[in-house]
Amino acid sequence: MVACASNASNDELIKQLDKIIDPYRGNPGGLIQVLTKAQNLVGYLPKWVQIQIAEGLGVSLQEVYGVITFYTFFSLIPRGRHKISVCAGTACYVKGTKMVTTTIKDLLDLKPGQTTPDSRFTLEIVRCIGACGLAPAMIIDGKDVHGRLEPELIPAVLEQYA
Amino acid sequence: MKSLDELAKIKESRRAALKIREGVPSATEKAHVMMCGGAGCISSKCLDVVDAMKEALNKNGIADQVQIILTGCMGPCDMGPVAIVYPDATFYRRLKPKDAEAIVEEHIMQGNQIPRLMYRTPGAKEPTPRVNDIDLFAKQKKIVLRNNFYIDPTSIEDYIANDGYAALGKALTKMQPEDIIEEIKKSGLRGRGGAGFSTGMKWGFTAAASGAPKYVVCNGDEGDPGAFMDRSVLEGDPHSVIEGMAICGRAIGAEQGYVYVRAEYPLAIERLDYALQKARKNGLLGKNLFGSGFNFDIEIRIGAGAFVCGEETALLTSIEGKRGEPRPRPPFPANAGVWGKPTVLNNVETWANIPEIILKGADAYAAIGTEKSKGTKVFALAGRINNTGIIEVPMGTTLREIVFEIGGGIPRKKAFKAVQTGGPSGGCIPAEHLDTPVDYDSLGALGAIMGSGGMIVLDEDTCMVDIAKFFLDFIVDESCGKCSPCRIGTKRMHEILDNISNGKGKEGDIELLEELATTIKATALCGLGQTAPNPVLSTIRYFRNEYEEHIRDKKCSCNVCELKE
Ligand SMILES: Cc1cc2nc3c(=O)[nH]c(=O)nc-3n(C[C@H](O)[C@H](O)[C@H](O)COP(=O)(O)O)c2cc1C
Ligand code: SF4
Ligand code: FES
Ligand code: FES
């Protein structure tokens, strides 16, 4: 999901971004939708993306930046090929979120918000991914849910993502 | 959809095709397998089971005689992957890919159900094959989740087969807007998003407000960080929300709705989007619905990960594409909501109740529940409890029934300590209050709240100081920073809790926490700040001794906190 378009040339990305903007052109109300789709396309929200969106929707660059920094879903910096989202919801917390984050830190030397130097993983903390019954849980690339985690099981899970 | 007749025809024909799910064997089909596709079961690899089952069906040449349907969460997540096989309504649990072949070859082809895959009540000799005979389900009452064993969430015909859109048809052809509002008022339905305000009254205020156009909004932000009821509804039965919102549109005179769903719920967004398309295609959204002249449509708005956006004024600002910062009320959304226009905002679960109330009548609905809390409530049971997952019970069910009967009690023979309800705005209820009937008022009286439905069970190994700290940690992260009581006050409370849990607590800290809590509650701008101290206050109220132990003896009996001498 994150890296899908990173091979395409910049021109191609600009064109695709224009397509995303089109339905909302001149309509500031579409800002969050456009940012969400733009981030799915580019992987993060660099300055050129912000400018193109600001001009397309007719809002100030400052406002675009303000919205991006308000919502945790948006990122200003590139992220890894795979996004590990460790659940720190209440159910997972009482069953061992700390264990999960410590294990990942030991394995990858990675703390929440960071990306590995080889751009393989980005680690983030999220709240409840709907797998409370299998706490503690984490979700990788926004779709693969891994539950009933234990320290010994985590290396094998991570290995599936190159 | 032009008329009730047309709807009835679709219902008839689809219902005939779904007889197998009511237990009537079919001449052309051998089975319908409802496979749970909720996040819990996905993480226990239900999709591998589906693949294996497809393979087994192909191998045996009966792929065209068996339907496999991926549903929303069926409830008992810890038993996942779970499935129901119709026509016998056999409930299977903990399925592995290799079990799929057995289900196909032994059960579906030869009619021999497979006991080893069935649920057995603890202590019982025999397993219980039929889903509706299983004690866990028999004690529940399903209104909001009425469709979750029965329909394919991607099929509008399935929804219609189970009386879907009949309530909208009734509202549009047989009721006046005032009647609809009156019916909702009479049902006693209160908002399921947390505060428990009368839904009918809210609609009434918005209908009476001056200003046009008006809007209908669904709050699917589901901020409680340990709960996923709304997500289950959106994934398992999206049309129920659409129908509820359209009925409200008619009642208040709105033609546009928005559903605000968090970006973290991609499947819910996908299912809802698909349902919206189907509804439009079938003339159940769009122009002149049921030939009544009423127009209504719905757009999805995506929440981008800010807890405060669940708060109504913040959510409405976020819909406009801006930073979701709360603003003072009044004006309330009923007078000034999206784009400053009169707006009804209700929670996902509230919406899902509406069709049933309109269709079966307010009296039938009000017959369920307690004096001041009507109907049912969906809870997400989690934490130190055997049967985790989603349940729906009549209001007034006691905590003991929920935790020990439906929930199956505490694992590993540990002692129950408390149940936390209402997430970061709520509180803990200790063992001595287990017989409390769950409704808005009795939970409020105990210093907890109903909240949106998260119920986290804590056992003797849970440190209550640590839990309080967990919630404040969350709040400090999520405070939008607009007002100082919340921004600075909660940080200060967090520091004190941090000290207490590190062994640096001092005499007077508890009193200081209480004092800060009182100030924050009284002066914070929005509900986030106003309720943020609740988890701390309620743990102090019932577990003061644990705080004192950390402070005086520098000890955590539960061995959770690492105290430095
Ligand atoms: C900080 C905060 C977060 C909230 N989060 C949610 C939420 O995630 N979902 C929800 O339905 N209501 C949430 N609410 C309550 C809403 O403000 C609002 O009362 C509710 O959506 C109204 O719908 P109802 O009357 O159907 O409950 C939240 C309130 C506050 C103060
Ligand atoms: S109470 Fe907290 S979340 Fe609400 S407006 Fe103030 S700072 Fe923001
Ligand atoms: S709290 Fe972690 S999945 Fe719900
Ligand atoms: S996800 Fe399958 S039962 Fe909850």
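It should be emphasised that the depicted structure is a prediction, and the values quoted were computed from it without experimental measurement.

Draft legend 1. Broad picture of the site of ligand 1. Residue and element names in this part refer to chain B. The full set close to ligand 1 counts 18 residues, and Gly193, Gly223, Asn346, Asn347 and Thr350 are the nearest of them. Measuring from an oxygen atom of ligand 1, one finds a backbone N or O atom of Glu312 at 3.0 Å. Considered on its own, ligand 1 offers 610 Å² of accessible surface; in the complex 89% of this is hidden by protein. For the shell around ligand 1, the element with the highest residue contribution is strand 9 (residues 343–347), accounting for three residues.

Draft legend 2. Structural detail: unusual backbone geometry. Residues Ala135 of chain A and Pro136 of chain A are joined by a peptide bond in cis, for which omega reads -5°. Turning to its location among the elements, Pro136 of chain A is positioned in the loop between strand 2 (121–126) and strand 3 (138–140). In the segment running from Pro330 of chain B into Pro331 of chain B, the intervening peptide bond is cis, with an omega of 0°. The backbone phi angle of Lys45 of chain B is positive, close to 70°, even though this residue is not glycine. Tracing the backbone shows Lys45 of chain B in the loop between helix 2 (39–43) and helix 3 (46–59). With relative accessibility at 40%, the residue Lys45 of chain B sits in the partly exposed group.

Draft legend 3. Just helix 16 (residues 399–406) of chain B, in detail. All names here are of chain B. For helix 16, every residue scored as buried is listed here: Leu399, Ile402, Val403 and Ile406. Along the axis of helix 16, the buried positions cluster into a sector of 125°, meaning they face one direction only. Against helix 5 (135–138), strand 10 (376–383), strand 11 (389–394), strand 12 (416–421), strand 13 (427–430) and strand 14 (454–459) lie the buried residues of helix 16. Looking one or two residues beyond helix 16, the residue adopting positive phi is Gly408, at roughly 75°.

Draft legend 4. Quick look at the environment of Pro46 of chain A. All names here are of chain A. Secondary-structure assignment places Pro46 in the loop between helix 2 (31–42) and helix 3 (47–57). Since its relative accessible area comes to 12%, Pro46 is described here as buried. Remark: the alpha-carbon pair of Pro46 and Leu76, spanning 30 residues in sequence, is separated by 5.8 Å.

Draft legend 5. Molecular detail of the environment of Ala362 of chain B. Within the fold, Ala362 of chain B resides in helix 15 (residues 362–366). The residues touching Ala362 of chain B, leaving out its near neighbours within four places in the chain, are Glu183, Lys186, Ser187 and Ile357 of chain B.

Draft legend 6. Layout of the environment of Pro87 of chain B. Residue and element names in this part refer to chain B. Along the chain, Pro87 turns up in the loop between strand 3 (83–86) and strand 4 (90–92). With 58 residues separating them along the chain, Pro87 and Glu29 place their C-alpha atoms 9.8 Å apart. In this structure Pro87 touches Ile20, Gly23, Val24, Pro25, Lys30 and Ala31, once residues within four positions along its chain are discounted.

Draft legend 7. Quick peek at the packing of aromatic side chains. All names here are of chain B. Counted under the stated rule, the structure contains 14 aromatic pairs over all chains. Ring centres of Phe91 and Phe137 lie 5.5 Å apart, and the angle between their planes is 75°; this geometry places the pair in the edge-to-face category. A residue pair is termed long-range when its members are at least 10 positions apart, and Phe91 in strand 4 and Phe137 in helix 5 qualify at 46 residues. With respect to class, Phe91 is no different from Phe137; both count as buried. Taking the centre distance of 5.2 Å and the plane angle of 80° together, the rings of Tyr159 and Tyr165 count as edge-to-face. Tyr165 shares its class with Tyr159; the two are buried.

Draft legend 8. Representation of the sheet that holds strand 4 of chain B. Residue and element names in this part refer to chain B. The strand order across the open sheet formed by four strands is 2-1-3-4, and the pairing between neighbours is mixed. A strand with exactly one partner marks an edge of an open sheet, and here the two such strands are strand 2 (66–71) and strand 4. Each strand axis lies, on average, 20° off the axis of its neighbour in the sheet, ignoring direction. Pairing analysis gives three bridges linking strand 3 to strand 4, with the strands arranged antiparallel. By the bridge assignment for strand 4, Ala83 is matched with Tyr92.

Draft legend 9. Examining a positive patch on the surface more closely. On the surface, Lys95 and Arg148 of chain A together with Arg94, Lys96 and Arg412 of chain B cluster together to form a positively charged patch. Counting through the fold element by element, Arg412 of chain B comes out in the loop between helix 16 and strand 12.

Draft legend 10. Spatial organisation of the side chain of Arg384 of chain B. When you line up the elements, Arg384 of chain B lands in the loop between strand 10 and strand 11. A polar contact is formed between the side chain of Arg384 of chain B and the backbone oxygen of Val94 of chain A, at a distance of 2.6 Å. Beyond its immediate sequence surroundings of up to four residues, Arg384 of chain B is in contact with Val94 and Lys95 of chain A together with Ile410, Pro411, Val457, Leu458, Asp459, Asp461 and Thr462 of chain B.

Draft legend 11. Here's a closer look at the interface of chain B and chain A. With 49 residues of chain B in contact, the opposing surface of chain A contributes 35 residues. Carbon and sulfur atoms supply 59% of the area buried between chain B and chain A, which totals about 3,300 Å² over both sides. It is Ala304, Arg323 and Phe470 of chain B that lose the most area in chain B upon contact with chain A, and together they represent 17% of the buried surface on that side. Connecting chain B to chain A are two salt bridges. Across the pair Asp477 of chain B and Arg127 of chain A runs a salt bridge whose closest N-O atoms are separated by 3.2 Å. There are 16 residue pairs in polar contact (both at pLDDT 80 or more) connecting chain B and chain A. If you list the elements that add at least two residues to the side of chain B that touches chain A, you get helix 2, strand 6 (254–262), strand 8 (294–303), helix 13 (312–319), strand 10, strand 14 and helix 18 (464–478) of chain B. With six residues, the top contributor of residues to the side of chain B that touches chain A is helix 18 of chain B. Per-class residue counts for the side of chain B that touches chain A are 25 nonpolar, ten polar and 14 charged.

Draft legend 12. Highlighting the nonpolar core. With 189 residues, the main nonpolar core has Ile53, Tyr71 and Phe74 of chain A together with Tyr165, Trp203, Trp351 and Tyr547 of chain B as its most contacted residues. The element best represented in this core is helix 18 of chain B, accounting for nine residues. Leaving out residues up to four positions away in the same chain, Phe74 of chain A has contacts with Ile32, Leu35, Thr36, Gln39, Leu45, Val67 and Ile68 of chain A together with Ala304 of chain B. Core analysis: the second largest hydrophobic core is formed by 41 residues, Val33, Met35, Leu57 and Met118 of chain B among them.

Reading the values: rules and limits
- Residues numbered from 1 in each chain as written.
- Chains lettered and ligands numbered in written order.
- Predicted model: local features only at pLDDT ≥ 70, side-chain atom pairs only at ≥ 80, totals over all residues.
- Heavy atoms only, no water.
- Near = heavy atom within 4 Å.
- Polar contact = N/O pair within 3.5 Å; in protein donor to acceptor, adjacent residues only side chain to side chain.
- Areas by Shrake-Rupley, 256 points an atom, 1.4 Å probe, with all protein chains shown as cover.
- Helix = DSSP H or I, 4+ residues; strand = E, 2+ residues; numbered from the N terminus.
- Buried < 20%, exposed > 50% of the residue type's maximum accessible area, 1.4 Å probe, protein only.
- Arc of directions from axis to C-beta.
- Contact = heavy atoms within 4.5 Å.
- Phe/Tyr/Trp six-rings, centres within 6.5 Å; stacked < 30°, edge-to-face > 60°.
- Pairing = 2+ DSSP bridges.
- Axes fitted to C-alpha atoms, helices over the stretch in contact; angles between N-to-C directions.
- Patch = residues over 30% accessible without salt bridge, like charges linked within 9 Å, V, L, I, M, F, W, Y side chains within 5 Å.
- Salt bridge = Lys/Arg side-chain N within 4 Å of Asp/Glu carboxyl O.
- Lys, Arg positive; Asp, Glu negative; His and termini not counted.
- Charge placed at Lys NZ, Arg CZ, Asp CG, Glu CD.
- Buried area = accessible area lost by both parts, 1.4 Å probe.
- Nonpolar A, V, L, I, M, F, W, Y, C, P; charged D, E, K, R; others polar.
- Core = buried A, V, L, I, M, F, W, Y, C linked by side-chain atoms within 4.5 Å.

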